[in-house]
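Okay, here's what each chain looks like letter by letter:
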Amino acid sequence: MFRPILLTFLCGVVIAQTPQPQQQPPPPPQQDQTQPSTIFRGGVEVVQAPVLVFDRDGNYVDGLQPHQFHLFDNGKEQNINVDVAYQPISLVICLQANAHVEGILPQVKKIGGLIAPLLIGEQGEAAVIAFDSRIRTLQDFTSDSEKITKAVKDLTAGSNANRMIDAVSAASRMLRNRPNNRRRIILYIGETRDISSETGLREALMDLQYSNVMFYPVDMSRLFSTLSAKPDPGRQDLRPPAMHPMPSGVPATPTSVAQTYGIGGGGRAEFIPLMVEMFKDVKAIFKDNPVEAFTKGTGGTEYTFYKQKGLEDAIQKIGAELHSQYFVSYMPNNKDEGGFHTLEVTVGAYKTQTRPGYWLGTKQ
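Residue numbers here run from 1 along each chain, matching the order of that chain's written sequence. A pLDDT threshold of at least 70 governs which residues receive local features in this predicted model, and a stricter bar of 80 or more applies before side-chain atom pairs are shown or counted, although totals over entire chains, interfaces and linings include all residues. Think of the side-chain values as coming from all heavy atoms in the structure, minus any hydrogens and water.

## Digging into the packing of helix α5 (residues 164-176) against helix α6 (residues 201-210)
Reasoning step 1: Lines are fitted to the C-alpha atoms to define the axes, a helix being fitted only along its stretch in contact, and any angle between axes, read from their N-to-C directions, falls within 0 to 180 degrees. Per the convention used, a helix needs a DSSP run of H or I reaching at least four residues, while a strand needs a run of E reaching at least two, with both numbered from the N terminus. Put simply, α5 and α6 touch, their axes get as near as 9 Å, and they point 25° apart. Judged by the inter-axis angle, α5 sits roughly parallel to α6. Here α5 and α6 pass one another in a crossing that is left-handed. Along the contact surface, α5 presents I165, V168, S169, S172, R173 and R176, while α6 presents L201, A204, D207 and L208.
Reasoning step 2: Grouping the amino acids of the contact of α5 with α6 by side-chain chemistry returns five nonpolar, two polar and three charged. Orientation labels follow simple angle bins: below 35 degrees gives roughly parallel, above 145 gives roughly antiparallel, 65 to 115 gives roughly perpendicular, and whatever is left gives oblique. Note on convention: the crossing is left-handed when the near helix lies turned anticlockwise from the far helix by less than a right angle, right-handed when the turn is clockwise. By definition, residues are in contact when any of their heavy atoms lie within 4.5 Å. Each residue gets one label: Ala, Val, Leu, Ile, Met, Phe, Trp, Tyr, Cys and Pro are nonpolar, Asp, Glu, Lys and Arg are charged, and the others, such as Gly, are polar.

Following this line, the structure appears as structure tokens:
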């Protein structure tokens, strides 16, 4: 009698201690695959447009108020934010350091101490990269002026390669991760040509524009041509206008040819058709001078130098320009318009300077 009762008790204990299978939660409801998702290919969420304002004499105009600014994107006025206060700067100093420019590097090494007082100020930061066949980060972003000076001073020459476009693209990627309330600037000191880059010019310029980066070059190439030979007056072009290849939709008139090929000058408006063609992957445009495409495409200013003082003067002028800019930003209300978007900023009767536009992918 006792043994059956004990056996029944032990069986109950075993059953009580056996883990019960957990109840599986119901599977999540499947998403409706028929609802299309909206994706911007190469889209721009916030467009930044640093603006310079000039009076009749070409002097910078200070003290303007936000309500005086009007911005037009593809001719459509936008609801903009204008910050008249100083915006801190994130700067990448991009230095050519190959064997071809070894004789110029002693001059470049001396400019490190100018970066903090003339360009970034107390609130800014700078990084230093050098390039030949490699892209070397000599100093990551820092506000320490001594570290910036040392990184530039320790610059050494490398191989004969010149990966200029790759270096600009790397600098753009570094700036992309900086806060949106900072102005993103590349100070480029090197030649205007590229020899061995893997990145395409069009892709690099798109990257600059998507990242809201302004490009300021100080060219070495003219220095070399001045020291090594007499200035080349250039071969006279006797071809009639109709024989000059032009972007699609642009008639080959004497005026358009002069504007496109730089005969007698050319400004922002004349550059836009060329940039549109470049975004269509016309590879011959700006092949020999990517610096020009980067400068005009981002709204920067190009300088050159022959001696140490010329290099220092160029940096001082860039600093004066950066500290005179108004910071305009907005979210485009016409994102459905794919392709190149032109930008125009008006401030009463004053003359203005800003980036010519940006490329925006279509909805898919």
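## Some details on the sheet that holds strand β12 (residues 339-346)
The pairing of strands in a sheet happens through backbone hydrogen bonds and is either parallel or antiparallel.
Reasoning step 1: When DSSP finds at least two bridges between two strands, those strands are taken to pair. With respect to topology, four strands assemble into an open sheet ordered β3-β2-β12-β14, the strand pairing being antiparallel. Each end of this open sheet is capped by a strand with a single partner; those strands are β3 (76-77) and β14 (357-360).
Reasoning step 2: Note: strand β2 (residues 70-73) against β12, four bridges, orientation antiparallel. Residue pairing across strands places H70 opposite T346, the latter belonging to β12.

## A short note on the packing of helix α3 (residues 112-120) against helix α4 (residues 145-153)
Reasoning step 1: Running from amino to carboxyl end, α3 crosses α4 at an angle of 135°, the nearest separation of the two axes being 7 Å. Our classification of the angle between α3 and α4 gives oblique. In this structure, the crossing between α3 and α4 has a hand that is right-handed. On α4, the residues that touch G112, G113, I115, A116 and I120 of α3 are S145, I148, T149 and V152.
Reasoning step 2: Split by residue class, the contact of α3 with α4 holds five nonpolar, four polar and no charged.

## Remarks on the confidence of the model for the protein
Reasoning step 1: The predictor's confidence in any single residue is recorded as pLDDT, a number from 0 to 100. Averaged over every residue, the pLDDT of the protein is 80; residues scoring 70 or more account for 69%.
Reasoning step 2: Averaged pLDDT values for the elements of the protein fall to 46 in helix α8 (residues 254-260) and rise to 98 in strand β6 (residues 125-131).
Reasoning step 3: Low confidence marks residues 254-266, where pLDDT is under 50. Its contacts with residues over four positions away, or in another chain, come to 21 contacts.

## Topic: the environment of I148
Reasoning step 1: Mapped onto the elements, I148 comes out in helix α4.
Reasoning step 2: Taking the C-alpha atoms as reference points, I148 and G113, separated by 35 residues in sequence, lie 7.6 Å from one another.
Reasoning step 3: Discounting residues that sit within four places of it in the chain, I148 has contacts with I93, G112, I115, I120, A126, V128 and T142.

## Describing the nonpolar core
Reasoning step 1: By size, the foremost hydrophobic cluster in this structure holds 35 residues, and its most contacted members are L91, I115, L119, I120, L187, I189 and V218.
Reasoning step 2: Secondary structure elements with two or more residues in this core: β5 (89-96), α2 (105-108), α3, β6, α4, β8 (183-190), β9 (213-219) and α11 (308-322).
Reasoning step 3: Ranked by the residues each element gives to this core, the list is headed by α11, at five residues.
Reasoning step 4: For V218, the contacting residues outside a window of four places in its chain are L187, Y188, I189, G190, Y303, T304, F305, L311, A314 and I318.
Reasoning step 5: Within the second largest apolar cluster, 24 residues are counted, among which are I129, L175, L208 and V213. Nonpolar cores were defined as sets of buried Ala, Val, Leu, Ile, Met, Phe, Trp, Tyr and Cys residues, with membership established by side-chain atoms within 4.5 Å. Summary of the burial criterion: residues with accessible area below 20% of their type's maximum are buried, those above 50% are exposed, and those between are partly exposed, where the area comes from a 1.4 Å probe applied to protein chains only.

## Points about the pairing of β5
Reasoning step 1: Burial within β5 is extensive, with eight of its eight residues counted as buried.
Reasoning step 2: Side chains of β5 alternate between two faces, with I89, L91, I93 and L95 and S90, V92, C94 and Q96 buried alike.
Reasoning step 3: In this sheet, β8 lies alongside β5 in parallel orientation, the contact comprising seven bridges. Bridged to S90 within β8 is R184.
Reasoning step 4: Judged from the seven bridges that link them, β5 and β6 form a sheet pairing that is parallel. If you follow S90 over to β6, its bridge partner there is E125.

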